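# Chain and residue survey
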Amino acid sequence: ETVEKYKAISPAEFFYKYKEIAGFANPARALYQTVRELVENALDATDSHGILPDIKVVIQRADPVQEFYRVTVEDNGIGIPPDIVPNAFGRVLFSSKYVLRQTRGMYGLGVKMAVLYGQMTTGRPIEVITSKREYRRIYFFKIRIDINKNEPVVLERGSWRKQRDWHGTIVSLTIEGDWGKAKARIKEYINRTATVTPYANIVMYTPDNEVTLYKRVIETMPRPPKEVKPHPYGVDLEMLKMIIESGKEPTILEVLVENFQSVGEVTAKDLLSKAGIDPSSNPRNLKEDDLLRLINTMKSYNQFKPPSSSAISPLGVEVIKAGLTRMFEPEFVDAVTRKPSTYEGHPFIVEAGIAYGGKVPLSEADKPILLRYANKIPLLYDEGSDVITSVVKEDIAWDNYMVAFPAQLVLLVHVCSTKVPFKGVGKESIADVPEVRREIKLAISEVARRLRGYLTAKQKELETQRKVVH
Ligand code: ADP
Ligand code: MG
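A brief report on the enclosed structure follows. (Residues numbered from 1 in each chain as written. Chains lettered and ligands numbered in written order. Predicted model: local features only at pLDDT ≥ 70, side-chain atom pairs only at ≥ 80, totals over all residues. Heavy atoms only, no water.)

Here the focus is the packing of helix α8 (residues 265–275) against helix α9 (residues 288–300). The geometry of α8 relative to α9 is characterised by a closest axis approach of 9 Å and an angle of 125° between their N-to-C directions. It follows from the interaxial angle that α8 and α9 lie oblique. As α8 runs across α9, the sense of the crossing is right-handed. In this structure, α8 uses Leu271, Leu272, Lys274 and Ala275 to contact α9, whose residues at the interface are Arg293, Leu294, Thr297 and Met298. A breakdown of the residues in the contact of α8 with α9 according to their chemical character gives 5 nonpolar, 1 polar and 2 charged. (Axes fitted to C-alpha atoms, helices over the stretch in contact; angles between N-to-C directions. Helix = DSSP H or I, 4+ residues; strand = E, 2+ residues; numbered from the N terminus. Parallel < 35°, antiparallel > 145°, perpendicular 65-115°, else oblique. Left-handed = near helix turned anticlockwise from the far one by under 90°. Contact = heavy atoms within 4.5 Å. Nonpolar A, V, L, I, M, F, W, Y, C, P; charged D, E, K, R; others polar.)

Here's what the structure looks like:
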């Protein structure tokens, strides 16, 4: 018999070993993913806080011989407090986004994966320059990750006085990449990001000395998401225990009222009486059985309002139309934002936009050019396994909408939620959840009907013109 060797590893070591699951499989993918993680953090730090984004992306060759690239992303966002910076960039699973509020990031992993990949391939640390609006100084850091301990190691730090009114963050990383192979994807990613952020200035400098500028065309931004309390339908035993332990409420009644959405005093009393618990009990003295009864009562209670949608931030009709128009100069454009809906206690909204004719390129033979988005992130890989693709191909009878493929037709679909049901941490495709599927279908049908309306009117017009001529 051989001897088993037991040991525990840190989160940093886990993701260092299994970098593929976070999208860092090879130098080409890693370069694409690094740009993506930095740009998404930059956008989260701006539009989610009501700041019109100015984003600059620079990709440079960093070595005359080896395929090393330096990726720098600058934003005009909220900045990061200097005491937080080391953990934000040097501790895997550290985040400000573990709250109920729609953001592009959600796992507390992205930028640390890029740091780990940089350490593995070039050995160079991440460099961060940041300042908040109200600060007098700008802070500078060089950081690496201690993989065994999952802790930041600050190699250098400094600060200087602000000479002008700047706030935001500049992040630079040097990794092994493959620009030749990653080029098309990275450009597509930036282009697709710009399609849904017509309110942003985005500029990219490439190693081929190309400069691409997407200039802001509207000042309207999606309403920033607000953090919300959890809805009682989503509660479980561990969550309730954590809420009780981390809070100071003297009674179980107050625990319920303070920590959950749509639970006021009347509802809380009703729930507790149904669960057979005295409202004035000290929550820390309740037995596990009591808590379980309470949870079951909450789950089967049918008088709660549905989960609040103020934590989600749809693009909105105006932004989608402006974005599609800026990109495609179409003959016809329209968009819809569906009303909020829920799955498993999570609120979500589906939006769809359509652009037809004009400079829209010709589609494939069986479906429109499909632009998939989740929480404002473009999804570029794994199209075949995504629920949006499946709805577009299987649930929509395009000939009912006077569309025959190939057609000059772009269809944009956006799913946003406090929890998008992604199939993996690489965030490339959405799982087939029945409630989400249904809303996707309804959103697409609605914009497709508007396209049909336009095409019908156009046809009639042509017919009258013909009659006039004859
Ligand atoms: P996530 O984006 O999933 O939270 P990351 O590892 O990408 O995880 O980032 C960790 C945290 O660092 C973020 O939650 C955010 O608080 C902070 N952060 C990263 N980049 C920026 C930035 N450009 N501006 C402001 N904060 C940032
Ligand atoms: Mg991130």
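Another point: helix α7 (residues 252–259). Every buried residue of α7 is listed here: Ile252, Leu253, Val255, Leu256 and Asn259. Seen along its axis, α7 keeps its buried residues to an arc of 165°; they face one direction. Buried residues along α7 sit in contact with α6 (237–246), α8 and α9. (Buried < 20%, exposed > 50% of the residue type's maximum accessible area, 1.4 Å probe, protein only. Arc of directions from axis to C-beta.)

A few words on the packing of aromatic side chains. Applying the stated rule across the entire model yields 12 aromatic pairs. Measuring from centroid to centroid gives 5.0 Å for phenylalanine 14 and tyrosine 18, while their planes differ by 45°, and the two rings are tilted. According to the relative accessible area criterion, phenylalanine 14 is partly exposed, its value standing at 33%. For tyrosine 18, a relative accessible area of 42% corresponds to the partly exposed category. Arranged with centres 5.8 Å apart and planes meeting at 45°, the rings of phenylalanine 24 and tyrosine 117 form a pair that is tilted. Placement of the pair is phenylalanine 24 in the loop between α1 (11–17) and α2 (27–44) and tyrosine 117 in helix α4 (residues 110–121), with a sequence separation of 93 residues. In terms of burial, phenylalanine 24 and tyrosine 117 fall into one category: buried. A cation sits over an aromatic face here: arginine 29 above tyrosine 381, 3.8 Å from the ring centre. (Phe/Tyr/Trp six-rings, centres within 6.5 Å; stacked < 30°, edge-to-face > 60°. Lys NZ or Arg CZ within 6 Å of the ring centre and 35° of its normal.)

The next point concerns the environment of tyrosine 16. Residue placement: tyrosine 16 occurs in helix α1. Sequence separation between tyrosine 16 and lysine 112 is 96 residues, and the spatial gap between their C-alpha atoms is 9.8 Å. Excluding its chain neighbours within four sequence positions, the residues that come into contact with tyrosine 16 are Leu116, Met120 and Ile147.

Of all hydrophobic cores here, the largest spans 52 residues; its most connected members are Val57, Phe89, Ile126, Ile186 and Ile190. Per-element tally for this core: the top contributor is α2, with 9 residues. Apart from the residues within four sequence positions on either side, isoleucine 186 is in contact with Leu31, Tyr32, Val35, Ile59, Trp179 and Met204. Core analysis: the second largest hydrophobic core is formed by 38 residues, Leu379, Val387, Trp398 and Leu411 among them. (Core = buried A, V, L, I, M, F, W, Y, C linked by side-chain atoms within 4.5 Å.)

The subject of this paragraph is the pattern of salt bridges. Pairing between side chains of opposite charge can happen when the charged atoms of each approach one another. Across all of its chains, the model carries 34 salt bridges by this definition. Two residues, aspartate 47 and arginine 104, come together in a salt bridge whose shortest N-O distance is 2.7 Å. Here aspartate 47, found in the loop between α2 and β1 (54–61), pairs with arginine 104, found in the loop between α3 (85–90) and α4; they are 57 residues apart in sequence, far enough to count as distant. Residue aspartate 54 is joined to arginine 216 by a salt bridge in which the shortest nitrogen-to-oxygen separation is 3.1 Å. Taken together, the residues aspartate 54 in strand β1 and arginine 216 in the loop between β8 (211–214) and α6 connect sequence positions 162 residues apart. For arginine 216, a relative accessible area of 22% corresponds to the partly exposed category. Where salt bridges share partners, they join Asp334, Arg338, Arg438, Glu439, Glu446 and Arg450 into one cluster. (Salt bridge = Lys/Arg side-chain N within 4 Å of Asp/Glu carboxyl O.)

A few words on α6. Turn by turn, an α-helix covers 3.6 residues, leaving residues three or four places apart pointing in a common direction. For α6, every residue scored as buried is listed here: Leu237, Leu240, Ile243 and Ile244. Seen along its axis, α6 keeps its buried residues to an arc of 130°; they face one direction. Seen from the buried face of α6, the exposed residues on the opposite side, beyond 90 degrees, are Met242, Glu245 and Ser246. Elements in contact with the buried residues of α6: α7 and α9. The distance from a side-chain oxygen at the start of α6 to the backbone nitrogen of glutamate 238 is 3.1 Å, and the residue carrying that oxygen is aspartate 236. (Polar contact = N/O pair within 3.5 Å; in protein donor to acceptor, adjacent residues only side chain to side chain.)

Contacts to ligand 1 come from 20 residues, most closely from Asp75, Ser95, Ser96, Lys97 and Lys112. Between lysine 97 and ligand 1, the recorded distance is 2.8 Å, taken from a side-chain N or O atom to an oxygen atom. Within the backbone of tyrosine 107, a nitrogen or oxygen atom sits 3.3 Å from an oxygen atom of ligand 1. Its free accessible area being 530 Å², ligand 1 has 93% of it covered by the protein chains. (Near = heavy atom within 4 Å. Areas by Shrake-Rupley, 256 points an atom, 1.4 Å probe, with all protein chains shown as cover.)

Time to look at the environment of lysine 269. One can find lysine 269 in helix α8. A C-alpha to C-alpha distance of 6.9 Å links lysine 269 and leucine 253, two positions 16 residues apart in sequence.

A separate point is the environment of phenylalanine 15. With respect to the helices and strands, phenylalanine 15 occurs in helix α1. Phenylalanine 15 sits 77 residues away from valine 92 along the chain, and the two C-alpha atoms are 8.4 Å apart. Apart from residues lying up to four places away in sequence, phenylalanine 15 is in contact with Ile21, Val92, Leu93, Leu109, Met113 and Leu116.

Read these as spatial facts, not as claims about activity.
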